[in-house]
Amino acid sequence: MNKESNLYVVNHPLCCHNLSIIRDKNTTAEVFRNAIKRITYLLFYKATEDLELEEECVCTPLETCTCKVLKKENEIIIAPILRAGLIFSDIANEIMPFATVRHIGMYRDEETLTPIWYYNKIPVEFDNPLNKIILILDPMLATGNSAVEAIKLFVNKKVPQKNIRFVSLISAPEGLRKVQDTYPDVKIITASIDNCLNSSGYIRPGLGDAGDRIFNTVEN
Ligand code: URA
């Protein structure tokens, strides 16, 4: 695990192994999805390791003991950026079934590489923004434009940056810089920092278009 400021690179051997599967252009959509899911568990282990706990009394069949449970006043919000972020939200739901899922719909204008909003399930105002823990999910942190837009949405609703985590599979240095310069206290959890972006805003070497590969819409 490498940590530099609020950036965590989960370079666990199983992440590396599964990344090699998803990078391969000949990997089928089914194998691609399953390999991402395996990496997702490892990313979420890191992304959730500092969730706050509180003590609770539990009666086992033998006696009463004190257990640690997630702090009840905190609300965990999973915010997948459509459509590729959905691959992470299935696993997020599985391991945190009590979380709220709030989808964010953005696509990239292919010429300007700026994000275009088309769906936003975030309420206009949050009660208790200080108690929200936000996990923004997008497998590819490329230019950082969508990431910054998504983070801004929560910061504007008074959620502290330190409560926001951005979870990605593969990140480009350009996108990382953009997020870190704009929101230095947001935690970024990723499995790889790749070399650079190409002129179309794709990550190199990357894996191509994540959404197309997940949903089997790659046009040959
Ligand atoms: N989105 C993708 O799906 N792939 C990239 O390489 C960059 C953005």
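Residues numbered from 1 in each chain as written. Predicted model: local features only at pLDDT ≥ 70, side-chain atom pairs only at ≥ 80, totals over all residues. Heavy atoms only, no water.

J.: Which parts of the structure should I look at to understand helix H5 (residues 173-182)?
T.: Considered for burial, the residues of H5 that qualify are Gly175, Leu176 and Val179. Angular distribution of buried residues about the axis of H5 spans 100°; they occupy a single face of the element. Tucked inside the fold, the buried residues of H5 contact strand S2 (7-9), strand S10 (140-141), helix H4 (145-155), strand S12 (170-171), strand S13 (187-190) and strand S14 (192-193). (Buried < 20%, exposed > 50% of the residue type's maximum accessible area, 1.4 Å probe, protein only. Helix = DSSP H or I, 4+ residues; strand = E, 2+ residues; numbered from the N terminus. Arc of directions from axis to C-beta. Contact = heavy atoms within 4.5 Å.)

J.: Quick question: what am I supposed to make of the sheet that holds S14 here?
T.: For sheets, the rule is that strands pair by backbone hydrogen bonds, running either parallel or antiparallel. Overall, parallel pairing links the three strands, which are arranged S10-S12-S14 in an open sheet. Every interior strand has two partners, whereas the edge strands, S10 and S14, have only one. Pairing of S10 with S12, which is carried by two bridges, proceeds in the parallel orientation. Across the sheet, Leu141 pairs through a bridge with Ser171, a residue of S12. (Pairing = 2+ DSSP bridges.)

J.: I keep staring at the packing of H4 against H5 and nothing clicks. Help me out?
T.: How two helices sit against one another is set out by the angle between their axes and by the gap between those axes. Relative orientation of the contacting elements H4 and H5 amounts to 25°, with a least axis distance of 8 Å. Comparing their axes, H5 and H4 come out roughly parallel. Considering only the axes of H4 and H5, their crossing is right-handed. Packed against H4, whose contacting residues are Asn145, Ala147, Val148 and Ile151, the element H5 presents Lys178, Val179 and Thr182 at the interface. The residue inventory of the contact of H4 with H5, partitioned by class, reads four nonpolar, two polar and one charged. (Axes fitted to C-alpha atoms, helices over the stretch in contact; angles between N-to-C directions. Parallel < 35°, antiparallel > 145°, perpendicular 65-115°, else oblique. Left-handed = near helix turned anticlockwise from the far one by under 90°. Nonpolar A, V, L, I, M, F, W, Y, C, P; charged D, E, K, R; others polar.)

J.: Just to check I follow, could you spell out the nonpolar core for this structure?
T.: Soluble globular proteins tend to pack their nonpolar side chains together in the buried interior. Within the largest apolar cluster, 37 residues are counted, with the highest numbers of intra-cluster contacts made by Ile22, Leu43, Phe88 and Leu169. Only helix H1 (13-23), helix H2 (29-47), strand S5 (75-82), helix H3 (86-95), strand S9 (132-137) and helix H6 (210-215) provide two or more residues apiece to this core. Examining the composition of this core, we find that seven residues originate from one element, H2, more than from any other. Ranked by size, the runner-up nonpolar core spans 26 residues in total, among them Ile136, Ala147, Leu153 and Val186. (Core = buried A, V, L, I, M, F, W, Y, C linked by side-chain atoms within 4.5 Å.)

Shape descriptors only; they carry no functional weight alone.
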